[in-house]
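# Architecture at a glance
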Amino acid sequence: MYQESEIVDLLMVIFLTPIMVATYRVIKVKGKEWFAASYVMIAFGFVMTVVEGYIAPDLLNLIEHVTHAFAGGFCLLGTMALFRFARREVTGAMR
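Attention in this report is confined to the structure presented alongside it.

Conventions and cut-offs
Residues numbered from 1 in each chain as written. Predicted model: local features only at pLDDT ≥ 70, side-chain atom pairs only at ≥ 80, totals over all residues. Heavy atoms only, no water. 1 Å grid on protein atoms, 1.4 Å probe; cavity = no way out; pocket = protein on both sides within 12 Å on 5 of 7 lines; lining within 4 Å. Points joined across faces, edges and corners; volume = space filled by probe spheres on them. Helix = DSSP H or I, 4+ residues; strand = E, 2+ residues; numbered from the N terminus. Nonpolar A, V, L, I, M, F, W, Y, C, P; charged D, E, K, R; others polar. Buried < 20%, exposed > 50% of the residue type's maximum accessible area, 1.4 Å probe, protein only.

Approximately 310 Å³ is the volume attributed to the largest pocket. What lines the largest pocket is a set of 14 residues, among which Met20, Tyr24, Phe35, Ala36 and Tyr39 lie closest to the centre. For the lining of the largest pocket, the elements supplying multiple residues, two or more each, are helix H1 (4-26) and helix H2 (32-51). Grouping the constituent residues of the lining of the largest pocket by class yields 11 nonpolar, two polar and one charged.

This is the structure in C-alpha cells:
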C-alpha cells in the first residue's frame, strides 16, 4: 500500500514537469542534459513508488531504487560537466 507522502511526491512531479520542460528550453548551461536525465529518473522512481502499492511490489521497489541511483549518477555527471566548463572559462579569462 502507498503512503500519502508518496502521492504528494507524484503530484508534485506531475505539476512541476511542464514548468521544468519550459525552463529546460530557455536555460543554457553545460551539462543540462544530465540534470534533465536525473529529473526523469526521479520522476520515474516516484511513479514506481505509487504503482508498487498495487502490483509486483518487490520488483517495482527494486526499480525505484535503481532509478534513484541512476539519478544520483546523472546529477554527478552534470555537476562534473558544469564544473569543468566553469573552470575552463575562469582559466581562459586569466590568460
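After presenting the structure, the write-up continues.
With respect to the helices and strands, Arg84 occurs in helix H3 (residues 57-94). Arg84 sits in the exposed class, given a relative accessible area of 54%. Along the primary structure Arg84 and Lys30 are separated by 54 residues, whereas in three dimensions their C-alpha atoms are 9.0 Å apart.

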